Amino acid sequence: MSPSSNPQLGYDYLSDRLRDSLSCESDKPDSRELDLGSPVSPLMTRRTGVNPAPTTTTSSSSSSSGSVSGRNAPYPVLRRPESGPNNHSGELSGSSDNSPTAGHGKAARAFGSGQVRSEPGTNSGAQSAVNSPPLNVLPAGNICPSGRVLKKDKDSSQASQNQNPRADVLGSGKGNYGHGSILRGGGPIKVSSRGDSAVTMPSYSRPNIAIGDSGKRAASGSVGGAVDAEEMKRLGNDHYKRGNFLEALELYDKAIKVSPGNAAYRSNRAAALTGLGRLGEAVTECEVAVRLDPKYWRAHLRLASLFIRLGLFENAKRCLSISGQQADANELHKLQLLENHLGRCANARKVGDWKLVLRECDTAITAGADFCSQLFMCRVEALLKLHQLEEAEILFKNVPRVGHLSESCTRVRFFGMLYEAYPLFVRAKVELALGRFDSAISTAERAVQIDPQNLEVSGLLKNVRLIARARVRGNDLFKSERFTEACLAYEEGLRLDPSNSVLYCNRAACWFKLGQWEHSIEDCNHALQVQPNYTKALLRRAASNSKLERWEEAVRDYEILRREIPDDNEVAEALFHAQVALKKSLGEEITNMKFGGEVEEVQSLEQFKSAVSLQGVSVVYFKTSSDSQCKQMSSFLDSLCGRYPSISFLKVDVEECSTIASAENVRIVPTFKIYKNGYRVKEIVCPSRDVLEHSVRHYSF
């Protein structure tokens, strides 16, 4: 009786065959090939009762799918497709043209429920080869498209009832196979021998592709994980091309989690970080990619591009000089130009040509070093030297923040200072110029910690401490009303920092107390030359000009202060008195001018004409007592009267004083009219609070 006609004999036959194949000597390659005439073969002939005598042959090839040698059977066998980089998923390709199964797609579908294919040999470096069956060979099990079931005969139906209904699983074997073997349910297969012993066939989980009724595959394990990582990278690339850098970064992170040793994933992550402006992290990722694959030229190019943007030109040059690679001539030319600009900038800084420093910094930033915080801080330093503190402060707030860099970057020197020390050096100068002495000291101390050997950095820390000490001593003497000694203390600080606006302003206060208003104005001018909108310096200069009865200069400073601090009543009152004094000095007649007070109610036309003809600004409010909107505006007008005491506020009830309403042609309430020096300059009907206050503020200056 043939193995195919009796299921039990076929099962025993399989056990013998497996025992023979698994018991080969350990120091010899596996030279057995699956006999496709056995009951476990996916192909069976119609003939029965044939048990061929095996003869051993050997076939080998230089493929990566493993080396297998086996026995020739009287039946031709299928040829296994070559494995390669794209055939690692455990999926089998289509059969030969002479096969009865040709045209049905993947050969994996040829294995029906209840059929098992034994594990191929594990010796890598060769490919097993089998031949196509003749036309009289029929497959065992179901070979048909997904969703169709072949009609089974009586014997096969009875045999299938004893089968476990679990899904067949394609295992990978021990070698770097792309094919594997089909194992039921992914677990180990125990094949009983004729005696009590058993042979256990291991279950391989990489890759582990389950074949269900629908023909779908679920990949997992090392090959499956690689497929997942590649899919994450592909999706990340799609998001990156659309400018969705954050989504791309998340997908690259998932790919790296599956395959942390892949240099391409690291390089792609660096590109996403660059798009997000996180260049420090991008440099770190590129350096990791280069360590993983030193010959990965794209990672070297990306790293060089990042170094150029960060102003690390020597590092970029090393990246472009990798052995065996030809650098882009345009990149090398660009790098040479940037180095030339940086050299000219350093030379101009040494001789104090700060305008040239600004030009060279701007050119280098525009040429490609657009994320170099050192060049931006060099511009800040130049603006400080040119006494443009406000511009320096604005630029300082917008310097690119690079983040943490590796040691290969931080050990680079910039203007003789370490890469991270120079920005702190300039920042300490900014803090000092703005009068934040304690912050200046702490920042300079951090710079010294980074670069303790640099004389310029250590000299700055020494000067900052001495200037701060002189300022503290001057303040203490001023509080003790020892104004002359306080002047000397501030002067000591100014010898160390001749452009410190805070020290000039403090010394001006001392001169004012000593009655030396000319000296006070002079020091205020020095402070305002560095910081034009310095409020304290404007106040002290206006007060000193008032003492010297220079009313025009005083009014000009007070008007600037009113725009800067519109809610300051003291400034408003000082402006009012300075304006009155100026008018008197010009010979103008001043009558009934008063500062502040309440909203004055007008009862007659004569009173109205007299009030609006006075010098200064008058705001007239036309209202009715019964109107709800007028009631709301009345309370708001009271608050405006307190905030703008130099303006005269009047109110007219149009129901009680209809003659005024008729003379002014007022038909809608609330209506506001603004008069300046007896002339009407603006009329507003039913304004909002913001519009009304904006108009009042505009005409108050």
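Residues numbered from 1 in each chain as written. Predicted model: local features only at pLDDT ≥ 70, side-chain atom pairs only at ≥ 80, totals over all residues. Heavy atoms only, no water.

Digging into helix α20 (residues 535-547)
Given 3.6 residues to a turn, an α-helix orients residues that are three or four positions apart in the same direction. Counted at 1.5 Å a residue, the expected span for α20 with its 13 residues is 18 Å, and the 18 Å between its end C-alpha atoms agrees. Buried within α20 are the following residues: A537, L538, R541, A542, S544, N545 and S546. The elements touched by buried residues of α20 are α18 (501-513), α19 (517-530) and α21 (551-564). One or two residues past the end of α20 sits E549, with phi positive at roughly 55°. (Helix = DSSP H or I, 4+ residues; strand = E, 2+ residues; numbered from the N terminus. Expected span 1.5 Å × (residues − 1). Buried < 20%, exposed > 50% of the residue type's maximum accessible area, 1.4 Å probe, protein only. Contact = heavy atoms within 4.5 Å.)

Things to note about the packing of α19 against α20
As a packed pair, α19 and α20 sit with axes 9 Å apart at the nearest point and diverge in direction by 150°. One finds that α19 runs roughly antiparallel with respect to α20. Between α19 and α20 lies a crossing whose hand is left-handed. Residues W517, S520, I521, C524, N525, A527 and L528 of α19 form the contact with α20, whose own contacting residues are A537, L538, R540, R541, S544, N545 and K547. Residues of the contact of α19 with α20, tallied by class, amount to 7 nonpolar, 4 polar and 3 charged. (Axes fitted to C-alpha atoms, helices over the stretch in contact; angles between N-to-C directions. Parallel < 35°, antiparallel > 145°, perpendicular 65-115°, else oblique. Left-handed = near helix turned anticlockwise from the far one by under 90°. Nonpolar A, V, L, I, M, F, W, Y, C, P; charged D, E, K, R; others polar.)

With respect to the pairing of strand β15 (residues 671-676)
Where burial is concerned, most of β15 is hidden: 5 out of the 6 residues are buried. In the sheet, strand β13 (residues 617-623) pairs with β15 via 6 bridges, with the strands oriented antiparallel. Bridged to V620 within β15 is K673. With antiparallel pairing between neighbouring strands as the criterion, β15 and strand β16 (residues 679-685) make up a hairpin whose turn holds 2 residues, including N677 at a positive phi of roughly 55°. (Pairing = 2+ DSSP bridges.)

Observations concerning the pairing of strand β14 (residues 648-653)
Note: strand β12 (residues 600-601) against β14, 2 bridges, orientation parallel. Within β14, the residue paired with E600 across the bridge is L650. In the sheet, β13 pairs with β14 via 6 bridges, with the strands oriented parallel. Considered in β14, the bridge of V620 is made with L650.

Thoughts on the packing of helix α17 (residues 483-496) against α18
For the pair α17 and α18, the least separation of the axes is 9 Å and the interaxial angle reads 160°. The pairing of α17 with α18 is recorded here as roughly antiparallel in orientation. Note that α17 runs across α18; the crossing there is left-handed. For the pair formed by α17 and α18, the contact residues are F483, A486, C487, Y490, E491, G493 and L494 on the first element and L503, Y504, N506, R507, C510, W511 and K513 on the second. By residue class, the composition of the contact of α17 with α18 is 9 nonpolar, 2 polar and 3 charged.

A closer look at the nonpolar core
With 111 residues, the main nonpolar core has V283, F307, L310, V357, L375, Y422 and Y558 as its most contacted residues. Top element by residues in this core is helix α14 (residues 421-433). It accounts for 9 residues. Here F307 is in contact with V283, E287, L312, N315, A316, C319 and C409, once residues within four sequence places are set aside. V599, M633, L640 and C641 belong to the second-largest nonpolar core, a separate cluster that totals 19 residues. (Core = buried A, V, L, I, M, F, W, Y, C linked by side-chain atoms within 4.5 Å.)

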